[in-house]
Amino acid sequence: MKKLFLLSVIFCLLTSFAPKKQLSWMAIGDSITYLDGYPGESNNRITQGYMARVCGQLPNIHYINHGHNGWTTARIASAIETLGIEKADIYTVFLGTNDWWGSNALGTIDDYKNSTGNKTTYGAYRTIINKIRSLNSEAKIILITPMQRGDFVYVKNYKNNAYGSYKEKNGHQLSEFADAVNNIAKLENFEVADLYYKSGITPANVVKYKRLKDPQTGQYKNYTYPAYTSIPFNPATDEYPYPLDAINMTYDGLHPSDKGFAVIADMLVKVMKKY
């Protein structure tokens, strides 16, 4: 018994010092994914995205960025054969917020089950998953739900703006697209990083405040959520509504700040460290 115990201890010690297997990670997503490695896109309001932060904690994992600014699930699926997505050990799919804002058809889980094509978010997810499986049937697949969002104003073009997930767009809540991701993950037994429900990122903390003109006085004032949702913003005449001091979980109401990216990375590390 003592010999067996000693052998088991020695085995544990040897395996604990053995180098971890090097793993490749293909990160498929929209602008939130694209930002990793391109801080200039944020006017240098961020330093690292979620992928670099994950790999900083798990140095045996190496990522390839397949983020595309403004793309929907359907657009990714339609271009899946030409995007250069290669065989990898791990794939993450982080989409959905542009589907909601672009009023893309959501569809149902049957669209996913029956591979009905890219006209719905559910169907487009199936196209993406099919491609991943064709590249590596043994790959680990992690789905990431869209995160809740506040009022977005693009730091490089104020005319590019959108209201937050606190109200419907074309009859749909952003939560419905998050639910779709969760439903697919449940059906396929995929791991999921549920940013919408479990990250703690909400319209109330995406920014500390929104700086807008008081409609009564015309003077700038810092409005917190939800008060700012009823105050108009004029991109042609108003100053950028999110000074550096307003940054919280996002730097522009939608895209994560360093603080927000750290939250996303920590959620992914909890999954990926098992690999």
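First, a word on scope: everything that follows refers to the structure included in this document.

The rules behind these values
Residues numbered from 1 in each chain as written. Predicted model: local features only at pLDDT ≥ 70, side-chain atom pairs only at ≥ 80, totals over all residues. Heavy atoms only, no water. Pairing = 2+ DSSP bridges. Helix = DSSP H or I, 4+ residues; strand = E, 2+ residues; numbered from the N terminus. Axes fitted to C-alpha atoms, helices over the stretch in contact; angles between N-to-C directions. Contact = heavy atoms within 4.5 Å. Core = buried A, V, L, I, M, F, W, Y, C linked by side-chain atoms within 4.5 Å. Buried < 20%, exposed > 50% of the residue type's maximum accessible area, 1.4 Å probe, protein only. Phe/Tyr/Trp six-rings, centres within 6.5 Å; stacked < 30°, edge-to-face > 60°. Lys NZ or Arg CZ within 6 Å of the ring centre and 35° of its normal.

Moving on to the sheet that holds strand β3 (residues 90-94). Taken together, five strands build an open sheet; the order of strands is β2-β1-β3-β4-β7 and the sheet is parallel. Each end of this open sheet is capped by a strand with a single partner; those strands are β2 (61-67) and β7 (191-193). The sheet shows a mean angle of 20 degrees between the axes of neighbouring strands, direction not considered. In this sheet, β7 lies alongside strand β4 (residues 140-144) in parallel orientation, the contact comprising three bridges. Within β7, the position partnered with L143 by the bridge is V192. The strands touched by helix α8 (residues 174-188) are β4 and β7; relative to β4, the strand with the most contacts, the crossing angle is about 155 degrees.

On to the nonpolar core. Grouped burial of nonpolar side chains is what soluble globular proteins tend to show. Counting residues in each nonpolar core, the largest one holds 48 residues, and the members touching the most others are W25, Y50, V54, I61, I264, L268 and M272. Those elements giving two or more residues to this core turn out to be β1 (23-29), α3 (50-57), β3, β4, β5 (152-154) and α10 (258-272). With eight residues, the single largest contributor to this core is α10. Other than its neighbours up to four places away in sequence, I264 contacts Y50, F94, M147, L195 and P256.

All right, on to the environment of Q219 then. Note on placement: Q219 falls in the loop between β8 (210-213) and β9 (220-223). A relative accessible area of 53% places Q219 in the exposed class. Filtering out sequence-adjacent residues up to four positions away, Q219 remains in contact with L212, K213 and D214.

Attention shifts here to the pairing of β9. Pairing between β8 and β9: four bridges, direction antiparallel. By the bridge assignment for β9, R211 is matched with N222. In sequence, β8 turns back onto β9 through a hairpin of six residues, with G218 there showing a positive phi of about 75 degrees.

Next up on the list: the packing of aromatic side chains. Considering all chains together, one arrives at 14 aromatic pairs under this definition. Residues Y166 and Y225 carry aromatic rings whose centres are separated by 5.9 Å and whose planes lie at 55 degrees to one another, so their mutual orientation is tilted. Placement of the pair is Y166 in the loop between β6 (157-162) and α8 and Y225 in the loop between β9 and α10, with a sequence separation of 59 residues. The partly exposed category is assigned to Y166, whose relative accessible area is 24%. In textbook terms, an aromatic cluster arises when at least three aromatic residues are bridged by ring pairs, as seen for W25, Y50, Y63, F94 and F261. The cationic tip of K167 hangs over the ring face of Y163; the distance from NZ or CZ to the ring centre is 4.3 Å. Here the guanidinium or amino end of K169 rests over the ring plane of W101, the centre of that ring lying 4.6 Å away.

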